[in-house]
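Listed below are the residues making up each chain.
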Amino acid sequence: MKLILVFVLLLFVCMSGSTQSKFAPNGAEWYYSDPGLFSSNPLNSYEKYITKGDTVIEGKICKIISRQNFSEVMYEENNKVYYRYKNDFKLIYDFAVNIGDTIKFDFKSFSPNSTKIDTTYLINCVVSQIDTVLVNNKKLRSISTSVIKIDSLTHLVWPTLYNYMERVGYEYDFMFVLSIPSIDDMHNLRCYNDEDISYSTDWWKGQKKACDYSLLSSMPSNSINSNMHIFPNPATNEITITTENHDKSTQYIRLHDNTGKIVMETILDSPLKKLDVSKFPNGVYYISIYSSHFVFENFKIIKL
């Protein structure tokens, strides 16, 4: 009887937490453009984030938001959204602010001499503007803030603004990250969808394409260069790419799956190039070979 009572109480808590949550309801989807490492074309491919479900950490009902091989754990309380980082919760959104407020957000970033995100910094942001956006007859707050630079962090490239919107979050990547020199942010939001609303950014509306559009996966499967060959096909462990006349301007290789997700990128630096695909799931893949001028060649392969 006690076990049944405990189960009922836990179920009530979980249901209460999920109905109160406004950010990242279960099933919510975000689509961000992903041009790839060697490109700047936002139509090339995309990254999809989706809220997979709930988990409880330190008594807080959190949301698990996943993309291909990565997850964020986030929770909302009193109109503030926090993310889990190195066993602690960090503030990333505050939807209860007013114009003139100063909010201290905890942004992911790079420490000096690091090539990957490995720390966070507390950054003051001053709320400069609040707009109301009508989406499916729901009024959402769009908040603009000015980022206050910390002069001692000279290794970072500082943005001037940090803007975010209720339900949707940040429009230029899933999570705002303080950048290092030479890193360009091209991961613009395309669409956000949940059971209540469907939102597309103005720039994506102008493209008049589906949220999951991928230029690479929409290309024909045959190569336009008869001197280039890929074998074996189907492949099991390794793919070989050969070019009879290696063109230095054709120097990049991208492998993406049947949904347009990029799973490998490398440089075509010799007339014979081998790719290890042994750890990839079986299915249909596309190999795209292109130059810095975006002259694409596309091959369809089968992984067994």
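Note that the structure is a prediction, hence the values are computed from the model and not measured.

1. Some words on the pattern of salt bridges
Pairing between side chains becomes possible if they bear opposite charge and their charged atoms approach one another. The tally for this structure, following the rule as stated, stands at 13 salt bridges. With a shortest N-O distance of 2.8 Å, Arg 167 and Asp 194 are connected by a salt bridge. Placement of the pair is Arg 167 in the loop between strand E10 (161-165) and strand E11 (169-170) and Asp 194 in the loop between strand E12 (189-193) and strand E13 (198-200), with a sequence separation of 27 residues. Under the relative-accessibility criterion, Arg 167 is labelled buried at 13%. Salt bridges sharing common partners tie together Asp 88, Lys 90 and Asp 106.

2. Some points on the side chain of Ser 33
In this structure, Ser 33 sits in strand E1 (residues 29-33). Within polar-contact distance, the side chain of Ser 33 engages the backbone oxygen of Pro 42 at 2.9 Å. Only 2.8 Å separates the side chain of Ser 33 from the side chain of Arg 190, close enough to count as a polar contact.

3. Some details on the side chain of Ser 109
Mapped onto the secondary structure, Ser 109 falls in strand E7 (residues 102-109). Reaching out from Ser 109, the side chain makes a polar contact with the backbone oxygen of Leu 178 at a distance of 3.4 Å.

4. Quick word on the state of the cysteines
Overall, the coordinates contain 1 disulfide when judged by the stated rule. Covalent S-S linkage joins Cys 191 and Cys 211, the inter-sulfur distance amounting to 2.2 Å. Disulfide Cys 191-Cys 211: the torsion about the S-S bond is -105 degrees, which places it as left-handed. You can see Cys 191 sitting in strand E12 and its partner Cys 211 sitting in the loop between helix H2 (202-207) and strand E14 (228-231), a full 20 residues away along the chain.

5. Regarding the confidence of the model for the chain
On average, residues of the chain score 83 in pLDDT, and 80% of them are at 70 or above. pLDDT under 50 marks residues 1-21. Its contacts with residues more than four places away, or in other chains, come to 7 contacts.

6. Some points on the packing of aromatic side chains
In total, this model carries 27 aromatic pairs according to the counting rule given. Seen from their ring centres, Tyr 93 and Phe 95 are 5.8 Å apart, and the 25 degrees between their planes marks the pair as stacked. Looking at Tyr 93, the relative accessible area reads 1%, which means it is buried. Look at Phe 95 and you get buried, because its relative accessible area is 5%. Ring geometry for Tyr 170 and Phe 176: centres 5.2 Å apart, planes at 75 degrees, overall edge-to-face.

7. As for the sheet that holds E10
Strands sit in the order E7-E8-E9-E10-E11 across an open sheet of 5 strands; the sheet is antiparallel. Among the strands making up the open sheet, the edge pair consists of E7 and E11. Summarising the sheet, strand E9 (residues 138-147) and E10 pair through 5 bridges and their orientation is antiparallel. Bridge pairing links Ser 144 to Asn 163 in E10.

8. So, the environment of Asn 136
Along the chain, Asn 136 turns up in the loop between strand E8 (119-135) and E9. Relative accessible area serves as the criterion here: at 42%, Asn 136 is assigned to the partly exposed category. Distance from Asn 136 to Tyr 199, taken between C-alpha atoms, is 8.3 Å for residues 63 residues apart in sequence. For Asn 136, the contacting residues outside a window of four places in its chain are Asp 196, Ile 197 and Ser 198. Within the structure, the side chain of Asn 136 is placed 2.6 Å from the backbone nitrogen of Ser 198, a separation counted as a polar contact.

9. Let's talk about unusual backbone geometry
Negative phi values dominate among residues other than glycine, just as trans dominates among peptide bonds. Looking along the chain, the bond that leaves Phe 231 and enters Pro 232 is cis, with omega of -10 degrees. Looking at where Pro 232 falls in the secondary structure, it is placed in the loop between E14 and strand E15 (238-243). With omega at 10 degrees, the peptide bond leading from Asn 233 into Pro 234 counts as cis. Mapped onto the secondary structure, Pro 234 falls in the loop between E14 and E15. Unlike most non-glycine residues, Asn 78 shows phi in positive territory, near 55 degrees. Along the chain, Asn 78 turns up in the loop between strand E4 (70-77) and strand E5 (80-85). The phi angle at Arg 167 is positive, at roughly 70 degrees, despite the residue not being glycine.

Criteria and cut-off values
Residues numbered from 1 in each chain as written. Predicted model: local features only at pLDDT ≥ 70, side-chain atom pairs only at ≥ 80, totals over all residues. Heavy atoms only, no water. Salt bridge = Lys/Arg side-chain N within 4 Å of Asp/Glu carboxyl O. Helix = DSSP H or I, 4+ residues; strand = E, 2+ residues; numbered from the N terminus. Buried < 20%, exposed > 50% of the residue type's maximum accessible area, 1.4 Å probe, protein only. Polar contact = N/O pair within 3.5 Å; in protein donor to acceptor, adjacent residues only side chain to side chain. Disulfide = S-S within 2.5 Å. pLDDT = per-residue confidence, 0-100. Contact = heavy atoms within 4.5 Å. Phe/Tyr/Trp six-rings, centres within 6.5 Å; stacked < 30°, edge-to-face > 60°. Pairing = 2+ DSSP bridges.

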